[in-house]
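Spelled out, the chains give:
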Amino acid sequence: MAYEHNYFVRPVSGVWHVTWNDAPELIGSYPCQPEAAAVAELLAKHMHTQGKTAKVHISEPEARRATWGRSIVNQAAA
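Now for a quick tour of the structure. The model shown is predicted, which means the values in this text are computed figures rather than measured ones.

## Structural notes on the sheet that holds strand β1 (residues 4–12)
The mixed open sheet is built from four strands, whose spatial order is β3-β2-β1-β4. At either end of the open sheet lies a strand with only one pairing partner, and these are β3 (26–30) and β4 (53–58). Taken pair by pair, the neighbouring strands of this sheet meet at an average axis angle of 15 degrees, ignoring direction. Summarising the sheet, β1 and strand β2 (residues 15–20) pair through six bridges and their orientation is antiparallel. The partner of R10 across the bridge, within β2, is H17. Here helix α1 (residues 33–49) sits on the sheet and contacts β1, β2, β3 and β4; the angle it forms with β4, its principal contact strand, is near 170 degrees.

Below, the structure is given as structure tokens:
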């Protein structure tokens with residue numbers, strides 16, 4: 001039985017996914033990083049109260065590029 005629990009908060013296509021121990025099952029999908037991190041921290045705290053260890057791993061936000069803006073400007077200039 002695993003006593004180590006890892007919760008991962010990762011950006012995926014503009015939303016934040018919370019997963020557990022790199023399992024393919026998604027715990028939840030949230031619109032912002034603080035909300036997803038709070039859920040992961042709450043789950044980790046729950047594991048701590050049960051005498052288990054838990055860690056939260058938060059990934060860096062994705063680098064967002066507004067490629068649509070350049071195409072609109074290029075079409076307007078043409």
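Alright, that's what it looks like, and here's the rest.
## Thoughts on the nonpolar core
Of all hydrophobic cores here, the largest spans 10 residues; its members are Y7, V9, W16, V18, Y30, A36, A40, A44, M47 and A54. Counting only elements with at least two residues in this core, the list comes to β1, β2 and α1. Ranked by residue count, the leading element in this core is α1, at four residues. Ignoring anything within four residues of it in the chain, the contact list for V18 reads F8, V9, L26, I27, G28, Y30, A36 and A40.

About the thresholds
- Residues numbered from 1 in each chain as written.
- Predicted model: local features only at pLDDT ≥ 70, side-chain atom pairs only at ≥ 80, totals over all residues.
- Heavy atoms only, no water.
- Pairing = 2+ DSSP bridges.
- Helix = DSSP H or I, 4+ residues; strand = E, 2+ residues; numbered from the N terminus.
- Axes fitted to C-alpha atoms, helices over the stretch in contact; angles between N-to-C directions.
- Contact = heavy atoms within 4.5 Å.
- Core = buried A, V, L, I, M, F, W, Y, C linked by side-chain atoms within 4.5 Å.
- Buried < 20%, exposed > 50% of the residue type's maximum accessible area, 1.4 Å probe, protein only.

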